[in-house]
Amino acid sequence: FLGFGVIDPWQGKVALEEIKRIKDLGLHGIGELNPARQHFFPNDTRFYPLWEEVQKQSLPILFHSGMAAAGAGTPGGMGTKLKYTQPIHLDDVAADFPELKIISAHSSWPWGSESLAIARHKSNFYIDLSGWAPKYFSPELVQYVSTIIQDKAMFGSDWPSMGVERWLEEFAQINIKPEVRQKIMLDNAKKFFGLKF
């Protein structure tokens, strides 16, 4: 297991110091930041000093993207606003911080095409496939992770929201070549984190 630390971007200097502390603790990244719950646009330049520090500390950062489970099916979604989780806001961050390794968590539904385009366009932008049952993966997502972004997609469980066993069982039913499946399940993460085993 590789531990990540979490920050609240609205805490400004406190969050900035927490990023340094996360690095000092030997943790391996920042996240999951949830713009829908935390009510912020990642490309709001008020938060750029944070992303600059994360980049300086050589830590990857994980952002929730797409539909939020929090508040789903309730009146007003309990105030959760999906506009914050549209992946296109991460495109600015990836462009403005080219050494910052960004993971866009989940399949980014209903904006999956945006996330796939950013992963194709920006070498520092990756996706994980957690939080969404593989049986609901779009044909476009399966096509892209099977081919042109096969080195940019990683397994993620999003446990306990979805059991790992269920995710693996459904993922096994998707038409993906064994060598690509190996990349998604292990090899891409090893390369991303610089693991040698």
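See the structure shown above.
The model shown is predicted, which means the values in this text are computed figures rather than measured ones. (Residues numbered from 1 in each chain as written. Predicted model: local features only at pLDDT ≥ 70, side-chain atom pairs only at ≥ 80, totals over all residues. Heavy atoms only, no water.)

### Overview of the side chain of Asn 124
Then step 1. Here Asn 124 lies in the loop between helix 5 (112-121) and strand 4 (125-128).
Then step 2. In terms of polar contacts, Asn 124 uses its side chain to reach the backbone carbonyl oxygen of Phe 97, at 3.1 Å.
Then step 3. Not counting residues up to four positions away in its chain, the partners in contact with Asn 124 are Ala 94, Phe 97, Pro 98, Leu 100, Lys 101 and Ile 102. (Helix = DSSP H or I, 4+ residues; strand = E, 2+ residues; numbered from the N terminus. Polar contact = N/O pair within 3.5 Å; in protein donor to acceptor, adjacent residues only side chain to side chain. Contact = heavy atoms within 4.5 Å.)

### Brief notes about helix 3 (residues 48-56)
Then step 1. Every buried residue belonging to helix 3 is among Tyr 48, Leu 50, Trp 51, Glu 53 and Val 54, and all of these are buried.
Then step 2. On its buried side, helix 3 packs onto helix 1 (13-24), strand 1 (30-33), strand 2 (61-64) and helix 4 (88-96).
Then step 3. Directly after helix 3, the chain includes Ser 58, whose backbone phi takes a positive value near 55°. (Buried < 20%, exposed > 50% of the residue type's maximum accessible area, 1.4 Å probe, protein only.)

### Structural notes on the side chain of Ser 104
Then step 1. Here Ser 104 is to be found in strand 3 (residues 102-105).
Then step 2. On the basis of relative accessible area, Ser 104 is assigned to the buried category, the value being 0%.
Then step 3. Contacts of Ser 104, omitting those with residues within four sequence positions, involve Phe 63, Ser 65, Leu 90, Ser 115, Phe 125, Tyr 126, Ile 127 and Asp 128.

### Here's the deal with the nonpolar core
Here is a general trend for soluble globular proteins: nonpolar side chains tend to be buried in one another's company.
Then step 1. Grouped together as the largest cluster of nonpolar side chains are 41 residues, with contacts concentrated most on Ile 7, Trp 51, Ile 61, Ile 127, Leu 129 and Val 145.
Then step 2. Tallying contributions element by element places helix 3 first for this core, with 4 residues.
Then step 3. Among residues more than four places away in sequence, those in contact with Val 145 are Ile 127, Leu 129, Gln 150, Ala 153, Ile 176, Val 180 and Ile 184. (Core = buried A, V, L, I, M, F, W, Y, C linked by side-chain atoms within 4.5 Å.)

### A word on a nonpolar patch on the surface
Then step 1. A cluster of nonpolar residues, Met 67, Leu 82 and Trp 109, forms a patch on the protein surface that exposes about 270 Å² of accessible area.
Then step 2. Position of Leu 82 relative to the elements: it lies in the loop between strand 2 and helix 4.
Then step 3. Using a relative accessible area of 34% as the deciding quantity, one classes Leu 82 as partly exposed. (Patch = residues over 30% accessible without salt bridge, like charges linked within 9 Å, V, L, I, M, F, W, Y side chains within 5 Å. Areas by Shrake-Rupley, 256 points an atom, 1.4 Å probe, with all protein chains shown as cover. Salt bridge = Lys/Arg side-chain N within 4 Å of Asp/Glu carboxyl O.)

### Topic: the pairing of strand 4
Then step 1. Alternating positions in strand 4 separate into two faces, Phe 125 and Ile 127 on one and Tyr 126 and Asp 128 on the other, with burial throughout.
Then step 2. As paired strands, strand 3 and strand 4 are joined by 3 bridges and run parallel to one another. Residue Ile 103 lies in a different strand from strand 4, and its bridge partner there is Tyr 126.
Then step 3. Running through helix 5, the crossover from strand 3 to the neighbouring parallel element strand 4 is right-handed.
Then step 4. The pairing of strand 4 with strand 5 (residues 153-154) spans 2 bridges and is classified as parallel. (Pairing = 2+ DSSP bridges. Right-handed = clockwise from strand over helix to strand, strands pointing away.)

### A short note on the environment of Asp 187
Then step 1. Mapped onto the elements of the fold, Asp 187 is located in helix 8 (residues 178-193).
Then step 2. It is 8.6 Å that separates the C-alpha atoms of Asp 187 and Met 154, two residues lying 33 residues apart in sequence.

### What about the sheet that holds strand 3?
Then step 1. Here we have 5 strands laid out as an open sheet, ordered 1-2-3-4-5, and parallel in their pairing. The open sheet has two free edges, formed respectively by strand 1 and strand 5, since each of these has just one partner strand.

### Section: the packing of helix 7 (residues 164-172) against helix 8
Then step 1. The contact between helix 7 and helix 8 brings their axes to 12 Å, and the two run at 160°. Overall, the two elements helix 7 and helix 8 adopt an arrangement that is roughly antiparallel. For the crossing formed where helix 7 meets helix 8, the hand is right-handed. For the pair helix 7 and helix 8, contact is made by Trp 167, Leu 168, Phe 171 and Ala 172 and by Arg 181, Ile 184 and Met 185, respectively. (Axes fitted to C-alpha atoms, helices over the stretch in contact; angles between N-to-C directions. Parallel < 35°, antiparallel > 145°, perpendicular 65-115°, else oblique. Left-handed = near helix turned anticlockwise from the far one by under 90°.)

### Brief notes about the packing of aromatic side chains
Then step 1. The full count for this structure, using the stated rule, is 14 aromatic pairs.
Then step 2. With 4.9 Å between their ring centres and 85° between their planes, Trp 10 and Phe 47 make a pair best called edge-to-face. With Trp 10 in the segment before helix 1 and Phe 47 in the loop between helix 2 (35-38) and helix 3, this residue pair connects regions lying 37 residues apart in the sequence.
Then step 3. Look at Phe 47 and you get buried, because its relative accessible area is 3%.
Then step 4. Ring centres of Tyr 48 and Phe 97 lie 4.8 Å apart, and the angle between their planes is 70°; this geometry places the pair in the edge-to-face category. (Phe/Tyr/Trp six-rings, centres within 6.5 Å; stacked < 30°, edge-to-face > 60°.)

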